[in-house]
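Below are the chains, spelled out letter by letter.
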Amino acid sequence: MPPPPPLLLLTVLAFAAARPGCEFERNPAVICVDLQLRTCSDAAYNHTTFPTLLRHRSWEVVEASSEYILLSVLHQLLEGQCNPDLRLLGCAVLAPWCEGGQVRRPCRHICEGLREACQPAFDAIDMAWPYFLDCHHYFTSEDEGCYDPLEKLRGGLEADEALPSGLPPTFIRFSHHSYAQMVRVLRRTASRCAHVARTYSIGRSFDGRELLVIEFSSRPGQHELMEPEVKLIGNIHGNEVAGREMLIYLAQYLCSEYLLGNPRIQRLLNTTRIHLLPSMNPDGYEVAAAEGAGYNGWTSGRQNAQNLDLNRNFPDLTSEYYQLAETRGVRSDHIPIPQHYWWGKVAPETKAIMKWMQTIPFVLSASLHGGDLVVSYPFDFSKHPQEEKMFSPTPDEKMFKLLARAYADVHPMMMDRSENRCGGNFLKKGSIINGADWYSFTGGMSDFNYLHTNCFEITVELGCVKFPPEEALYTLWQHNKESLLNFVETVHRGIKGVVMDKFGKPVKNARILVKGIRHDITTAPDGDYWRLLPPGTHIVIAQAPGYTKVIKKVILPARMKRAGRVDFILQPLGVGPRNFLHGLRRTGPHDPLGGASSLGEATEPDPLRARRQPSADGSKPWWWSYFTSLSTHRPRWLLKY
């Protein structure tokens with residue numbers, strides 16, 4: 001007869017203890033193998049193990065799984081949102097990190113942060129949160145020795161880069177900056193001037209690079225009452241790199257001069273909130289930089305990683321404006337994004353800029369390009385689409401010319417009288433030109449700024465060489481430094497003020513009208529507004545639903561360099577119907593940019609989400625057939641219903 005179970009157990013344990021490798025028997029070691037998944041090739045580690053956390057026992061099983069297929073197409077499904085963060089998070093589960101015979105688990109707080117940020121993107125396509133990204137099941141706490149699977153995205157970017165010995169902290173290195181170098185410089189600059197600067201991200205590029213902004217203000221991170229907001233954007237075309245470098249240099253200059261007590265810079269930063277986005281297209285820059293200065297072609301790296309020209313990717317509101325402008329009594333400003341726009345391919349960089357514009361009440365903006373030497377201003381799209389070149393002014397033509405001249409008139413090369421120089425063909429126009437009068441195109445960022453928000457944006461072409469050699473960068477900075485400062489200071493032209501009711505409560509979304517200029521601006525949530533205006537006499541009207549309108553006469557002297565303060569106190573309408581210029585507010589779906597319009601209003605339902613909701617007959621979402629055609633495993637865990 002066999003011994004009773006307890007005795008058998010003791011016998012087996014005693015035998016195991018006497019054998020070599022007894023440790024393996026008691027606590028079997030994990031065998032680490034090379035990570036061979038293409039979708040996870042950029043993970044922060046090189047070894048994994050089988051079986052995985054999902055009990056997959058071979059590469060073939062992993063690659064055939066619906067979980068792996070989801071990770072492979074996630075960036076297309078979510079239109080670039082949360083990419084590559086979610087993919088790397090999923091890789092940490094599908095192919096866990098194996099090191100020293102141990103499996104390391106990813107951090108729970110990283111998963112929870114991503115779920116909070118990315119859940120709306122899954123909701124928009126009617127997809128359930130993937131079960132294998134369950135933050136409580138497959139992830140662990142920092143106390144238990146977790147690791148950050150997204151650390152490689154920030155790899156080296158947090159570390160400071162020491163300056164050569166003997167150089168002061170105010171030193172600016174006039175060289176080209178890689179993505180990692182750019183991020184380090186911006187973060188180091190913000191750290192040096194922490195009381196007036198900070199960095200923040202407005203999103204990621206298609207390939208997952210942060211769209212990093214450095215902000216300068218007396219109270220970084222906060223909108224202050226009646227302090228105007230300005231943004232400067234570089235590198236919208238990846239191979240046009242001068243603007244990228246100018247803004248990196250400008251950030252360092254503003255910080256250093258503020259610390260040195262430069263009264264002009266201190267006054268500017270104490271009265272203006274300035275946002276610098278040196279690179280809107282970091283993916284395209286990498287393509288151009290791989291060829292290098294002097295070798296880069298005219299178009300190599302121009303587009304983003306989706307092969308989209310970002311300055312043709314914004315909604316075409318100009319065509320709609322031309323139709324609205326022909327009708328009396330119809331509002332032709334703050335035009336909503338048409339529903340059909342979202343059916344096309346919208347770059348994550350474009351979407352990030354639009355969402356940024358909706359969260360901050362920008363007044364003034366410039367987009368820095370390369371390929372010529374001129375300043376252009378809206379409209380960029382011709383009034384007659386067949387005309388490739390046709391003068392097509394906005395209602396604010398005079399103000400836009402002043403803004404363009406603020407840059408060009410203090411730029412030594414733009415004022416050079418030689419017609420043989422770069423940009424010499426614009427000399428007779430003073431090196432400024434209406435965009436459509438130069439060449440017409442749709443989907444531009446400047447037209448969108450003007451027609452969708454309160455913001456006035458110009459386009460600056462910094463030179464004929466798109467990727468200048470390093471030795472030319474210092475001269476470029478000297479030519480553009482004063483122009484950049486002078487342009488930002490023009491945000492203080494015109495009038496500003498607060499619109500409130502008789503109790504002193506701010507009235508948001510009130511309209512500020514100027515007689516003779518058919519383009520209204522609106523008040524911010526705190527009731528403050530800024531209206532860029534040229535010198536002269538203006539009749540200004542403030543009105544809002546439920547209030548009587550107030551009219552004031554404003555005289556702006558030619559040499560006035562500070563915005564005039566013009567406040568409005570609106571009285572409530574009496575009992576009776578409230579007629580507030582019927583027809584001025586158009587109906588229609590808004591854009592799916594997070595549920596807030598440029599004025600902080602709640603928007604109507606996301607048109608994409610409406611399109612993708614399941615039908616009443618219980619049919620599956622639009623993406624379901626894709627997964628069922630590629631895998632025998634039907635991922636019902638992705639269904640919400």
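About the cut-offs
Residues numbered from 1 in each chain as written. Predicted model: local features only at pLDDT ≥ 70, side-chain atom pairs only at ≥ 80, totals over all residues. Heavy atoms only, no water. UniProt positions renumbered as here; feature names shortened; annotations may be inferred. Helix = DSSP H or I, 4+ residues; strand = E, 2+ residues; numbered from the N terminus. Buried < 20%, exposed > 50% of the residue type's maximum accessible area, 1.4 Å probe, protein only. Contact = heavy atoms within 4.5 Å. Areas by Shrake-Rupley, 256 points an atom, 1.4 Å probe, with all protein chains shown as cover. Disulfide = S-S within 2.5 Å. Pairing = 2+ DSSP bridges. Axes fitted to C-alpha atoms, helices over the stretch in contact; angles between N-to-C directions. Salt bridge = Lys/Arg side-chain N within 4 Å of Asp/Glu carboxyl O. Phe/Tyr/Trp six-rings, centres within 6.5 Å; stacked < 30°, edge-to-face > 60°. Polar contact = N/O pair within 3.5 Å; in protein donor to acceptor, adjacent residues only side chain to side chain. Expected span 1.5 Å × (residues − 1). Bend = angle between axes of the 7 residues up to and from the residue. Parallel < 35°, antiparallel > 145°, perpendicular 65-115°, else oblique. Left-handed = near helix turned anticlockwise from the far one by under 90°. Nonpolar A, V, L, I, M, F, W, Y, C, P; charged D, E, K, R; others polar.

Taking an unreviewed UniProt entry as the reference, the protein is identified by name as Carboxypeptidase Z belonging to Colobus angolensis palliatus. For the protein, the Function (unreviewed entry) comment in UniProt is given as "Cleaves substrates with C-terminal arginine residues. Probably modulates the Wnt signaling pathway, by cleaving some undefined protein. May play a role in cleavage during prohormone processing." On record in UniProt, under Cofactor (unreviewed entry), the comment for the protein is "Zn(2+)".

A. The arrangement of the overall build of the protein in detail. Per the secondary structure count, the protein includes 18 helices and 20 strands. Within the protein, the fraction of its 641 residues that count as buried is 54%. Taking the contacts inside the protein whose residues are at least 6 apart along the sequence as the reference set, 74% of them involve residues at least 24 apart. Split by element, the accessible area of the protein, about 28,700 Å² in all, is 53% carbon and sulfur.

B. Summary view of the state of the cysteines. Taken as a whole and judged by the stated rule, the model has six disulfides. Between Cys-111 and Cys-135 runs a disulfide, and the two sulfur atoms are separated by 2.1 Å. Across the disulfide from Cys-111 to Cys-135, rotation about the S-S bond amounts to roughly -75 degrees, and the bridge is consequently left-handed. Of this pair, Cys-111 sits in helix 6 (residues 108-124) while Cys-135 is found in the loop between helix 6 and helix 7 (179-192), placing the two residues 24 residues apart along the sequence. A single burial state applies to Cys-111 and to Cys-135, both of which are buried.

C. Main features of the sheet that holds strand 18 (residues 550-556). What the four strands build is an open sheet, ordered 15-14-17-18; its pairing is antiparallel. Edge strands, defined here as strands with exactly one partner in the open sheet, are strand 15 (517-522) and strand 18. Each neighbouring strand pair of the sheet contributes to a mean axis angle of 25 degrees, computed without reference to strand direction. As defined by bridge partners, strand 14 (residues 511-514) adjoins strand 17 (residues 536-543) across four bridges and the pair is classed as antiparallel. The partner of Ile-512 across the bridge, within strand 17, is Ala-542.

D. A look at the pattern of salt bridges. Taken as a whole and judged by the stated rule, the model has 20 salt bridges. The shortest N-O distance in the salt bridge between Arg-204 and Glu-210 comes to 3.3 Å. Arg-204 sits in the buried class, given a relative accessible area of 14%. Relative accessible area serves as the criterion here: at 22%, Glu-210 is assigned to the partly exposed category. The salt bridge partner of Asp-437 is Lys-429, with a shortest N-O separation of 3.6 Å. Looking at Asp-437, the relative accessible area reads 24%, which means it is partly exposed. Bridged by salt links that share partners, the residues Arg-198, Glu-215, Glu-229 and Arg-273 form one connected network.

E. Structural context of unusual backbone geometry. Following Phe-50, the chain continues into Pro-51 via a peptide bond in cis, with omega recorded as -5 degrees. Tracing the sequence through the fold places Pro-51 in the loop between strand 2 (47-48) and helix 3 (59-64). Pro-378 connects to Phe-379 through a cis peptide bond whose omega is 0 degrees. As for its position among the elements, Phe-379 is in the loop between strand 10 (372-377) and helix 13 (397-408). Even without being a glycine, Met-226 presents a positive backbone phi close to 65 degrees. Here Met-226 lies in the loop between strand 6 (210-216) and strand 7 (229-234). Positive phi is not limited to glycine here, since Asn-509 has a value of about 65 degrees. Looking at the secondary structure, you find Asn-509 in the loop between strand 13 (495-501) and strand 14.

F. Region of interest: the packing of aromatic side chains. The final tally for this structure, using the stated rule, is 29 aromatic pairs. Considering the side-chain rings of Phe-132 and Trp-637, the 5.9 Å spacing of their centres and the 85 degrees angle between planes classify their relative orientation as edge-to-face. Placement of the pair is Phe-132 in the loop between helix 6 and helix 7 and Trp-637 in the segment after helix 18 (624-630), with a sequence separation of 505 residues. Judged by its relative accessible area of 0%, Phe-132 falls in the buried class. A centroid spacing of 5.0 Å and a plane angle of 25 degrees characterise the contact between Phe-400 and Phe-456, whose relative ring orientation is stacked. Taken together, the residues span a long stretch of sequence, with Phe-400 in helix 13 and Phe-456 in strand 12 (residues 456-463) at a distance of 56 residues.

G. The arrangement of the side chain of Arg-302 in detail. By the secondary structure assignment, Arg-302 is in the loop between helix 10 (282-291) and helix 11 (318-324). Only 3.4 Å separates the side chain of Arg-302 from the side chain of His-237, close enough to count as a polar contact.

H. Representation of helix 6 in the model. Here helix 6 contains 17 residues, and its C-alpha end-to-end distance of 24 Å stays within 8% of the 24 Å for a straight helix at 1.5 Å per residue. Taking the largest bend as the criterion, helix 6 deviates by roughly 45 degrees, centred on Cys-118, and proline Pro-120 comes between one and four positions later. For helix 6, the set of buried residues is Ile-110, Cys-111, Leu-114, Cys-118, Gln-119, Ala-121, Phe-122 and Ala-124. Positive phi appears at Asp-126, one or two residues downstream of helix 6, with a value of about 60 degrees.

I. Layout of the sheet that holds strand 7. Across the sheet, eight strands lie side by side as 5-6-8-7-9-12-10-11; this open sheet has mixed pairing. Looking at which strands have only one partner, the edges of the open sheet turn out to be strand 5 (197-204) and strand 11 (432-434). When strand polarity is set aside, the average angle formed by the axes of neighbouring strands in this sheet is 25 degrees. Where strand 9 (residues 362-369) lies against strand 12, six bridges are found, and the strand directions are parallel. Each bridged residue has a counterpart across the sheet, and for Leu-368 the counterpart in strand 12 is Val-460.

J. Spatial organisation of the packing of helix 12 (residues 348-359) against helix 15 (residues 445-452). Helix 15 packs onto helix 12 with a crossing angle of 30 degrees between their chain directions and a minimal axis gap of 12 Å. Looking at the two axes, helix 12 sits roughly parallel to helix 15. In the packing of helix 12 onto helix 15, the handedness of the crossing is right-handed. Here helix 12 contributes Ile-353, Met-354, Met-357 and Gln-358 to the contact with helix 15, which in turn contributes Met-445, Phe-448, Asn-449 and His-452. A per-class count over the contact of helix 12 with helix 15 returns five nonpolar, three polar and no charged.

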